[in-house]
Every structure is written in structure tokens, then in C-alpha cells.
Amino acid sequence: MGLTGAQPGVTGDSTPLAAPRPGARVPPHIAGNVVDSAPATEAHCAPPMPARTDAVEQRLHADPHLLRDIADAVGGPFHVLFPDRVSVNIGSFQSVFIEAGVDGFVYFGKKANKAACVARACAENGAGIDVASTGELVAALGQGVRGEDLMVTGPAKSDELLWLAARHRSLIAIDALDELDRLTALELPVRVLLRVLPAGSTSRFGLDPMELEQAIQAVSAPITVSGFSFHLSGYDATARSELAAALVGHCRRARANGHPAGTISIGGGFGVDYLDASTWARFQNTVSDSWFHASPPGEYYPYHFPIPGSAMLAAVLAHNDLAALLRDHGIRLAVEPGRALLDRAGSSVFRVQGVKTRTAQGNPYDILTVDGTSLSLSEQWFDSEYLPDPVLWPHSPGHRTPTCVGATTCLESDLLSRRRIPLPRRARTGDLLVYPNTAGYQMDSNESPFHELPLPPKVVLRAGADRLRWSLDSTAR
């Protein structure tokens, strides 16, 4: 995640980092499509929630032809990726490690997006990839990520995945004792991390204290314990820092048993700042059921995050001077961000196929039908809603129009936006709706060819010297 001029650990918002309970969710204008920042006056309409966006995306929206050209070429909804932004985000995490004097390594959590251009950006910028299937491992290798720069995670890994990972000298996070037994049976040299079950956790993943001790005692050549890992739900920097410090003791004990034990992985969970603080606070403080078509969602991702991405990593390293502890014991800290490396690195584009008017509390609002489904905007399928406003394109004058967005299926619940969004003008058939900053988890988690509709292809956009240039991602060919 880029710091956009901020120092590590510091943002333009001085609010301290919140620490939601594990797994909890809490209930810059885009160039050329500025929405009035004042709260919507209509009681049946939500206030505007414009997303933070990358400069390349702003150029895309400002171009009078490019979005239409791409839409006409692909013939349906599509996702657009900005891999140069992924490179910036990787670099911001790496810079935090360098400035803290810590040996650190970034693994991209591949489950967050399967685009080939993202994996290629990792290969080109010295980052690894966290994979959890043979398909993900092969895809990463195919984009130039070396086997030793892969971390293999996930529960009950298949024999094929273990064999392939061992052959490519990948780092394997062991989740269970029987997994270690199957890996031992391969009789191949393997580096492993032992995944620790955090105290008090009810997670189905990881090794409890007794299992962890058994694993350390059971590992012998050609397998070596390279270190330990953990994953925490939520976005608490302090909890991550303190558990990492505790695992330094595990590394010391493993070293006493003859293992190198020089790596600790703290997983992902680095927040993304989609909306500015005032916009998010206004929504939280005034949200009303009357803003939504049918029933409102049950919960929300924290769309404003005061210390996001790499700044959160800086906070982890600063707490109780974890950085010094890691340096003193010669331990590498690994991180596995997914969403944070994709911040502002992509959008999802849908074409308006129909417009109809309904009323709420006697007030008119529009319901759009677009040429895709909410399966391509995955937040909608977690009893939630993707809150950053879509951009209506092309830009033209008009009057603010409360608008919900439905999909082109026969399902009543298939809505991309239940919230009545204050679009800057009334949408027309053939217009495009661009949902910003969707590269992190929104594009891939739930996509399905329901109704035999094609999956939206991924388009790669890069800034040339004279103009923006696009191509199909290899996953779409």
C-alpha cells in the first residue's frame, strides 16, 4: 500500500489505529465525476461516498474514449488492473523493513486476486507469493516467481501440492501433524514453518502447544524448521506485534534443537483505506434503513482505516521495539498481505442495460440493471455491501439521482448496490458504471458463470509516454 508521501506509521489522519475484535466489521473525488460532498438532502438517499483512487484510474475516467473502446471490445462487464500500482504497494512495504533495519520479506496473498499481471509484478519487484493450491503455485511459477519465493499455506494440503512445493524448494507452512507425516514420507529436503494456534483462538487452523512441541521433536533431516507462523483475524497491530515477539522464544528453542528457525510470518490483515475519515464517520453516524432498497446489509468492512497497509506494518515493528528484538536475534519477518498490495490497483466495470423508476416514502429513485452479476462484486454475498460509490461514465451534466444497482439475473437478491447512491445524473442505457478499488477480493471470490453468463475478463492498463495502453490479462485469454 503506498504511503503517498506519508512517513511510515504516519498518515494525514492523526486518529490512533483502531483494534476491532477479531473478525469484526463495523457498521478524493474521482477526476471528472465530482459529487457534491454535502450529505444528501433526500431522506431516501445515502450520502456520497467517493473512493480514493490512483492517478492512472483518474486518467482512465478522464479519457473520452478508452473505457467505451474496452467495453465494446470485450462485449460485457470487465475488470481493469493497474499493475504499476501493485509495484508501488510492494515497494512501500519493503521500504518499511529497510527503514526499520529489519530483514523482511513480502509474500502476496494470491487468493485476493488471480490476475497474472499481479503475480508478474511480484516477480519483478522482489516479492514472493503465498499460495494454497497446485493451481496457484503453477500460476505463480508461470509468471516468474521462483519456487523458493513461494510460501505454501492452507489446511490439509494435497499430496500433489506438497510434492510440487518440495520439488521447487518452497517454504511450507505446516498446519497439522498428519501433514508433517505426509511431507516426511516424501524424503525430500524441505523448509517448513510451523503454524501456531494463537492462545484462546477457536480457529480450525494451526498447531496447539502440545502439537507444536510434538512437531518440533518429530522434524528431522532432510526437513528443517525454518521458523513459525500465525494468522490473526481483525486488524490489530498490537496483537500481531506481541505474538510475533512471543514466537521469537519459539525460534530460540527450535535453534537449541538444531533447527535454523530464522523466520516468523505474521500473515496478512493489513487494512485498506477506501474512504476519507469524514465520509466514513458520516456514514456510520447517520446510516438509515431508508437509504436501502429492500433490507440493509448486516455489517461492513471498515472502509476507513487510519493506519493502513505498510503504515500498519511500521506500527507492528514499532510496538515494544519489535524491530530491535528481530535484529538482535537475526530473525526475518515475513508478511502476507493480499488486499493491501491491491489497494487502488483495479476497478470493475459494468454496462447499464436498463433503467426503471420506483418510489420510497413517496420519493422517486432509479433501479439500474447492469450486464453482470453481484457475484463479480463479492462483498455483496457476505451480508454486506461494497460501499465506495461507483462512477457513472461518461461524465455529463445532470441532477443528482438516488440509484440502486441490480444485476442481470432472475434473483431478487442479486443487487450490486442496495444502497441508493446519489449518482450525479440519471443513468442511461449504454452508460458504464465503474466500481473503484475492487482488486482486493471483490473480483474473484465468488465469480460464477450463472445463467451461462461469461466471467468478466481482466484487462491490464498501463500508462504509456503518450497515452494509456491496455491488453487482456493472460487469465482472460
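Quick notes on the rules
- Residues numbered from 1 in each chain as written.
- Predicted model: local features only at pLDDT ≥ 70, side-chain atom pairs only at ≥ 80, totals over all residues.
- Heavy atoms only, no water.
- Helix = DSSP H or I, 4+ residues; strand = E, 2+ residues; numbered from the N terminus.
- Rg over C-alpha atoms; globule rule 2.2 N^0.38 Å.
- Buried < 20%, exposed > 50% of the residue type's maximum accessible area, 1.4 Å probe, protein only.
- Areas by Shrake-Rupley, 256 points an atom, 1.4 Å probe, with all protein chains shown as cover.
- Lys, Arg positive; Asp, Glu negative; His and termini not counted.
- Charge placed at Lys NZ, Arg CZ, Asp CG, Glu CD.
- Contact = heavy atoms within 4.5 Å.
- 1 Å grid on protein atoms, 1.4 Å probe; cavity = no way out; pocket = protein on both sides within 12 Å on 5 of 7 lines; lining within 4 Å.
- Points joined across faces, edges and corners; volume = space filled by probe spheres on them.
- Nonpolar A, V, L, I, M, F, W, Y, C, P; charged D, E, K, R; others polar.
- Patch = residues over 30% accessible without salt bridge, like charges linked within 9 Å, V, L, I, M, F, W, Y side chains within 5 Å.
- Salt bridge = Lys/Arg side-chain N within 4 Å of Asp/Glu carboxyl O.
- Pairing = 2+ DSSP bridges.
- Right-handed = clockwise from strand over helix to strand, strands pointing away.
- Axes fitted to C-alpha atoms, helices over the stretch in contact; angles between N-to-C directions.
- Parallel < 35°, antiparallel > 145°, perpendicular 65-115°, else oblique.
- Left-handed = near helix turned anticlockwise from the far one by under 90°.
- Core = buried A, V, L, I, M, F, W, Y, C linked by side-chain atoms within 4.5 Å.
- Arc of directions from axis to C-beta.
- Polar contact = N/O pair within 3.5 Å; in protein donor to acceptor, adjacent residues only side chain to side chain.
- pLDDT = per-residue confidence, 0-100.
- Phe/Tyr/Trp six-rings, centres within 6.5 Å; stacked < 30°, edge-to-face > 60°.

A. Highlighting the overall build of the chain. Secondary structure summary: the chain contains 12 helices and 17 strands in total. Computed over its C-alpha atoms, the radius of gyration of the chain comes to 23 Å, within 12% of the 23 Å expected for a compact globule of 477 residues. Along the first, second and third principal axes, the C-alpha set of the chain runs to 75 × 45 × 45 Å. Classification of the 477 residues of the chain by burial places 54% in the buried group. When the accessible surface of the chain is split by element, carbon and sulfur atoms take 52% of a total near 18900 Å². Computed over 42 positive and 50 negative side-chain charges, the inter-centroid distance for the chain is 3 Å.

B. Highlighting helix 6 (residues 159–167). When we look at burial in helix 6, the residues that qualify are Leu-161, Leu-162, Leu-164, Ala-165 and Ala-166. In this fold, the buried residues of helix 6 make contact with helix 5 (134–142), strand 4 (150–152), strand 5 (171–174), helix 7 (177–185) and strand 6 (190–195).

C. Looking closely at empty space enclosed by the protein. In this structure, the second largest cavity encloses a volume near 60 Å³. What lines the second largest cavity is Pro-77, Asp-371, Gly-372, Thr-373, Ser-376, Ser-448, Leu-453, Pro-454 and Pro-456. The class makeup of the residues in the lining of the second largest cavity is 4 nonpolar, 4 polar and 1 charged.

D. A look at a nonpolar patch on the surface. Taken together, the side chains of Trp-381, Phe-382 and Leu-411 make up a nonpolar region of the molecular surface, amounting to roughly 280 Å² of accessible area. Note on Phe-382: relative accessible area 43%, which makes it partly exposed.

E. Molecular detail of the pairing of strand 5. Side-chain alternation along strand 5 places Leu-171 and Ala-173 on one buried face and Ile-172 and Ile-174 on a second face that is also buried. Bridge count for strand 4 against strand 5 is 2 bridges, and the pairing is parallel. Looking across to strand 5, one finds that Val-152 is bridged to Ile-172. Crossover handedness for the path strand 4 to helix 6 to strand 5: right-handed.

F. Molecular detail of the packing of helix 3 (residues 83–100) against helix 4 (residues 116–124). Here helix 3 crosses helix 4 at 40°, and the two axes come no closer than 9 Å. In this view, helix 3 runs oblique relative to helix 4, as classed from their interaxial angle. Seen from above, helix 3 lies across helix 4 with right-handed handedness. Residues Pro-83, Val-86, Ser-87 and Ile-90 of helix 3 touch helix 4, and the partners they reach there are Cys-117, Val-118, Ala-121 and Cys-122.

G. Broad picture of the nonpolar core. Ranked by internal contacts, the top residues of the largest apolar core, which has 106 residues, are Leu-194, Phe-228 and Leu-317. Residue contacts for Leu-194: discarding those within four places in its chain leaves Ile-174, Leu-207, Leu-212, Ala-215, Ile-216, Val-225, Gly-227, Phe-228 and Ser-229. Counting 17 residues, the second-largest nonpolar core is a separate cluster that includes Leu-66, Ala-71, Val-391 and Leu-432.

H. The pairing of strand 16 (residues 458–463), seen in detail. In this structure, strand 1 (residues 78–81) lies alongside strand 16, joined through 3 bridges in parallel fashion. Residue pairing for strand 16: Leu-81 is matched across the bridge by Val-460. Pairing analysis gives 5 bridges linking strand 16 to strand 17 (residues 468–472), with the strands arranged antiparallel. When the bridges of strand 17 are listed, Val-460 appears paired with Ser-471. Hairpin connection from strand 16 to strand 17: 4 residues lie between these consecutive antiparallel strands.

I. Broad picture of helix 1 (residues 55–62). Taken together, the buried positions of helix 1 are occupied by Val-56, Glu-57, Leu-60 and His-61. Looking straight down helix 1, one finds its buried side chains confined to an arc of 140°; they lie on one side. Exposed residues on helix 1 whose side chains face more than 90 degrees from its buried face are Ala-55 and Ala-62. The opening residue of helix 1 is Asp-54, an N-cap whose side-chain oxygen sits 3.0 Å from the backbone nitrogen of Val-56.

J. Summary view of the confidence of the model for the chain. With 91% of its residues at a pLDDT of at least 70, the chain reaches an overall mean of 89. With pLDDT under 50 throughout, residues 1–40 is counted as low confidence; its partners more than four residues away or in other chains account for 102 contacts.

K. Region of the structure containing the side chain of Thr-409. Tracing the backbone shows Thr-409 in the loop between strand 13 (401–406) and strand 14 (415–423). From its side chain, Thr-409 meets the backbone nitrogen of Leu-411 in a polar contact 3.3 Å long. In this structure the side chain of Thr-409 is engaged in a polar contact, spanning 2.6 Å, whose partner is the side chain of Asp-414. Discounting residues that sit within four places of it in the chain, Thr-409 has contacts with Thr-373, Asp-414, Phe-450 and His-451.

L. Structural view of the packing of aromatic side chains. All chains considered together, the criterion is met by 14 aromatic pairs. With centroids separated by 5.2 Å and ring planes inclined at 70°, the aromatic side chains of Tyr-274 and Tyr-303 adopt a geometry described as edge-to-face. Taken together, the positions of Tyr-274 in the loop between strand 8 (263–265) and helix 10 (277–286) and Tyr-303 in the loop between helix 10 and helix 11 (309–318) put the pair 29 residues apart, joining distant regions of the chain. Considered together, Tyr-274 and Tyr-303 belong to a single accessibility category, that of buried residues. Ring geometry for Tyr-303 and Tyr-386: centres 5.9 Å apart, planes at 85°, overall edge-to-face. Here Tyr-303 is found in the loop between helix 10 and helix 11, whereas its partner Tyr-386 is found in the loop between strand 11 (363–370) and strand 12 (391–393), with 83 residues between them in sequence. In terms of burial, Tyr-303 and Tyr-386 fall into one category: buried.

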